[in-house]
Amino acid sequence: MSASPAYSEEKGGSSSLGEPEYGHDPASGGIFSSDYKRHDDLKEMLDSNKDSLKLEAMKRIVAMIARGKNASDLFPAVVKNVACKNIEVKKLVYVYLVRYAEEQQDLALLSISTFQRGLKDPNQLIRASALRVLSSIRVPIIVPIMMLAIKEAASDMSPYVRKTAAHAIPKLYSLDSDQKDQLIEVIEKLLADKTTLVAGSVVMAFEEVCPERIDLIHKNYRKLCNLLIDVEEWGQVVIINMLTRYARTQFLSPNQNESLLEENPEKAFYGSDEEDSKDDKLDAASLVKRKPYVMDPDHRLLLRNTKPLLQSRNAAVVMAVAQLYFHLAPKAEVGVIAKALVRLLRSHSEVQWVVLQNVATMSIKRRGMFEPYLKSFYIRSTDPTQIKILKLEVLTNLANETNISTILREFQTYIRSMDKDFVAATIQAIGRCATNIGKVRDTCLNGLVQLLSNRDELVVAESVVVIKKLLQMQPSQHSEIIKHMAKLTDNIQVPMARASILWLIGEYCEHVPKIAPDVLRKMAKSFTGEEDIVKLQVINLAAKLYLTNSKQSKLLTQYVLNLAKYDQNYDIRDRARFIRQLIVPTEKSGALNKYAKKLFLAQKPAPILESSFKDRDHFQLGSLSHLLNAKAVGYQELPDWPDEAPDPSVRNVEVPEWTKCTSREKRKEKVEKPFYSDSEGESGPTESADSEPESVSESESESGSSSSESGSDSGSRGEESGDQSEEEEKKKSDPSEEEEEQGKKGKKKKPQHEGKGGSETSWEEGSISESSSSESDSGSEAEESQSEPESKRRTTPPSSKPAPKASRKGTKEISLLDLDDFTPAPPQPASSPAIVSTSLVTDLEGLTLTDASLTPTMLSPVFSTVKTYELLHRMAGEGLSVEYYFNRQPFPPDPHMVAVQIQFSNNTESEVKNLRVSEPKLVSGMRIQEFQEIESLAPGDTANVIMGIDFCDSTQAANFQLCTHSRQFYVSIQPPVGELMAPVFMSENEFKKEQGKLTGMSEITEKLTLPDKCQSDHTIVQRVTAAANVSRVPCGVDNEYRFAAKTVTSGSLVLITLERKEGARAHLTVNSEKMVIGTMLVQDVSQALAQ
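Not measured: the values here are computed from a predicted model.

1. Regarding the overall build of the chain
Right, on to step 1. Summing up its helical and strand segments, the chain has 48 helices and 15 strands in all.
Right, on to step 2. For the chain, the residues scored as buried account for 53% of the 1091 residues in total.
Right, on to step 3. When the accessible surface of the chain is totalled, it reaches about 51,300 Å², and 52% of it is carbon and sulfur.

Laid out in structure tokens, this is it:
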């Protein structure tokens, strides 16, 4: 359907079809020639019996339309060919009719029976095109026919036709809104569609027809979240915007506790001790009421599945995800959108303008999010003016005491620009910085005064206006500046600047008693030639001087008032009469005369220089209404968060019983699985979402997206994850009960490693079985483990002799701190052929805790509770499931690499061969030490290997391919920041010495409140070591905990200090050269302690 042949022929090229040739002289084409001949020729071709001629004619006509030329007079000739048997011709005829059916409705109605026949055509493209043309005929009489066609198309076998039906729904609704109820039924049916092609279109129809019907989304919510990654880009935008509003009605605010804490930030400074103690009690009481916030798994599912879309090539998708995170995510997680938005600033100026509008709004509330990218907002000389002004807005919003000197230096260079509007905006920005940051107020004021001697009148005028606002804050200190500005009245001609100077002199005439009357004298001379705004300020100046210095100014005031009395502007005449009666006492002037001084010379509050974007965030970011700062037609308000969460069970989807049975039977068969837990890793992305760090959720979402790449059916995946999320709802409903149950399970479970792979200590078994219970995946499995513990114990293979001893120990309260109580278990011979790799066996033997360096003073276990992550789901891997965890052991081949232990499970009925790593796509500097190829993995077996990854002290993911003999799977491993370090043993004096070297920018502090269950020393140490691979440093103070580690790649020290204050308050400090690692570690440790 290329336009190039048609284009060359129209310009006069020879044609093989015998059509007339057009002249080559300039006057024969373009504006001067009439095109009736060419159209006659096309009509002849359309009337011919040869399909090749018709096809050529249609190609040329569609090419004309594509170039914006009018081809409406060909409608009768084209519509005759709608019944053509040639499919290619028919497609192009439908393309033409879609364009012109609305203009030529009467002629289109004549062919309506042909369109109806086209709806039954075996070719899906013809069916879709017929429906598209039918819905383009805007005649009320055919509404019933359209309704019937849409209903039939909604049940069509082809997803493309169903998508077209979804597009037709808003057209029919705009033609006849009485059809709403029937259309909602069709929308409900299409919302249940499992194909990605339909999802975006039907959500668009939902938004147009019935956006208030939230109940239609409940059952499809999880499916839409899971399909999102595979929907086309514009469908993603629509779905994300709809899910943003949906989430605001169905979930609780993740920042509700923070907003409560931030209500009175300055209370402690001003209030008395008694008031503080009362307020603290009240706050504590209200916090206790609102404290137990646990993020809904469905809320986490939405955040996790949208995060990868920040890397989309489409700016609208990135912007949609950014607004979703801004409106829905916890404050600690919103920062991820900053980098994506800064990336968009490299695209076209139109995109930059929209992005900067949104960044300007975000930067008011979440300033810290964009501070690391400050230089990205520096202005280039090639930027258009509107982009420059928006970047200025952002820079001003980001200004604080630490970076203000850099920003002001940048502003100084901007003032020398040739763009006058930009210079004026820069001067206003300097004024705002001076208002917001008191320390630089004098510096800014002096700089602006220097600008008063600038040759450019606009620069001077803008400086005067800004100086006037700044002087109102402390006028008594700046009488010299007021005198200097009074002299400028002779030179400055800009009305606003003259008015500002007169207002300043009048307001602070007591500070310049000699100059003020002289200024009034000069202004009285030129009164008749001044602008209205200046005349009004002259009258005000005269009145103020009359009240404070009547001897010198009485006659001048009368002269000015007489001039104003006969002015052409009625505002000035009214002002003059009003002021005369007010300040000059007469018999008629009433009691107001006594209060004239109070009225004119009252203390006026200094103006607050605020950002014009301050109140824009009540509009949904990324919307047209936000862009215009006015409610646009069709805009839907962003709902407020509910006070109480609605029932989450409405999103549960019923699953046929037989599906559940088969999955349970499969799980029972796999009970003998040696690693972590007997679960299959079947959970959807909602598992323990709110407690996991972001890196885990990101790797899971990426593995979820890889499942679509590897060819699994996205629809079935969505349905399955919906089922799993439903089961997890039940599990999540009472977190405390779940923890108790998991604790019991962790104690009851027998170690499953001993039969397969060498020796371990009983402490190690306890920790691993605990992790297995905490990481068990689906709710149904949790129920099963409670209801059938005996059967599970029976199916466990007989372990070696020390096992009963270990299980008896497990029933006691074991303190992980008492390392001396544990003796290493003697190594047992493997009872069955070991599938565990030799490297894993040697690593496990190394965990016997007999190392001489571990002295009794070293209280912290280096290896805390192991946490597993899913690398490849068994559905995505077509029966091959892969899990991994960071074993916190040194990686022997290269000490600068992090050791990652990987477990492969073959859940298929056939052998998997040649398991290996290939094509790692790594960030520069990152390295991977691949594991040795696994030649074969029998059905039902598992294999464990160790690979080393040098993450370069960053949390960026390592992307690579897992290959088998027949398939390739794209996977990624992203480390939590706590796994990028190795423990360091040091004395208290060494710790203090090193901490003294890492201050200033290398020190990150955080205040936090420890929950009741995190008050004991044992719990605090356990949670810190679980969050990061650190060792405890001895400390002579009871209420202080110290930990030390070094980064694996660069060996930079990381020192953690946790100091407990009165009550449950604590102070966390991290010292490290690596500021990014330090900042992320503070977040992770705070999160671990707060759980």
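2. So, helix H21 (residues 336–344)
Right, on to step 1. Those residues of H21 not exposed but buried are Ile337, Ala338, Ala340, Leu341, Val342 and Leu344.
Right, on to step 2. For H21, the secondary structure elements touched by its buried residues are helix H20 (315–328), helix H22 (349–365) and helix H23 (367–370).

3. Details of the pattern of salt bridges
Right, on to step 1. Counting across every chain of the model gives 33 salt bridges.
Right, on to step 2. It is possible to trace a salt-bridge network through shared partners that takes in Arg222, Asp296, Asp298 and Arg651.

4. Thoughts on the pairing of strand E7 (residues 942–950)
Right, on to step 1. Taken across its nine residues, E7 has nine buried, putting it largely inside the fold.
Right, on to step 2. Side chains of E7 alternate between two faces, with Thr942, Asn944, Ile946, Gly948 and Asp950 and Ala943, Val945, Met947 and Ile949 buried alike.
Right, on to step 3. By the bridge criterion, eight bridges tie strand E3 (residues 898–906) to E7 in an arrangement that is antiparallel. Along E7, the bridge assignment pairs Val900 with Met947.

5. Thoughts on the packing of aromatic side chains
Between two aromatic rings, the relevant description is the distance of the centres plus the angle of the planes.
Right, on to step 1. Within this structure, the stated rule accounts for 12 aromatic pairs.
Right, on to step 2. Both rings, one in Tyr221 and one in Phe251, keep their centres 5.9 Å apart while their planes meet at 65°; by these two values the pair is edge-to-face. Linking Tyr221 in helix H14 (residues 221–227) with Phe251 in the loop between helix H15 (233–250) and helix H16 (256–261), this pair joins segments that are 30 residues apart in sequence.
Right, on to step 3. Three or more aromatic residues link up through ring pairs in this structure, and these residues are Phe75, Tyr96 and Tyr100.
Right, on to step 4. The cationic tip of Arg99 hangs over the ring face of Tyr100; the distance from NZ or CZ to the ring centre is 4.5 Å.

6. With respect to a nonpolar patch on the surface
Right, on to step 1. A contiguous nonpolar surface patch, about 310 Å² in accessible area, is contributed by Leu592, Tyr595 and Leu599.
Right, on to step 2. Locating Tyr595 in the fold gives a position in the loop between helix H34 (570–583) and helix H35 (596–600).

7. A few points about the environment of Asn569
Right, on to step 1. Here Asn569 shows up in the loop between helix H33 (550–565) and H34.
Right, on to step 2. Taking C-alpha positions, Asn569 is 7.6 Å from Asp532, a pair spaced 37 residues apart along the chain.
Right, on to step 3. Within the local environment of Asn569, its side chain forms a polar contact with the backbone nitrogen of Asp571, the two atoms lying 2.7 Å apart.

8. Thoughts on the pairing of strand E13 (residues 1040–1047)
Right, on to step 1. E13 sits mainly inside the fold: seven of its eight residues count as buried.
Right, on to step 2. Relative to E13, strand E10 (residues 981–983) is paired through three bridges, and the arrangement is antiparallel. Across the sheet, residue Ala982 finds its bridge partner in E13, namely Lys1046.
Right, on to step 3. By the bridge criterion, three bridges tie strand E12 (residues 1031–1033) to E13 in an arrangement that is antiparallel. What sits directly across from Val1033, in E13, is Arg1042.
Right, on to step 4. Looking at chain direction, E13 and strand E14 (residues 1053–1060) are connected through seven bridges and run antiparallel. Bridge assignment links Ala1045 to a residue of E14, and that residue is Val1054.

Rules used in this analysis
Residues numbered from 1 in each chain as written. Predicted model: local features only at pLDDT ≥ 70, side-chain atom pairs only at ≥ 80, totals over all residues. Heavy atoms only, no water. Helix = DSSP H or I, 4+ residues; strand = E, 2+ residues; numbered from the N terminus. Buried < 20%, exposed > 50% of the residue type's maximum accessible area, 1.4 Å probe, protein only. Areas by Shrake-Rupley, 256 points an atom, 1.4 Å probe, with all protein chains shown as cover. Contact = heavy atoms within 4.5 Å. Salt bridge = Lys/Arg side-chain N within 4 Å of Asp/Glu carboxyl O. Pairing = 2+ DSSP bridges. Phe/Tyr/Trp six-rings, centres within 6.5 Å; stacked < 30°, edge-to-face > 60°. Lys NZ or Arg CZ within 6 Å of the ring centre and 35° of its normal. Patch = residues over 30% accessible without salt bridge, like charges linked within 9 Å, V, L, I, M, F, W, Y side chains within 5 Å. Polar contact = N/O pair within 3.5 Å; in protein donor to acceptor, adjacent residues only side chain to side chain.

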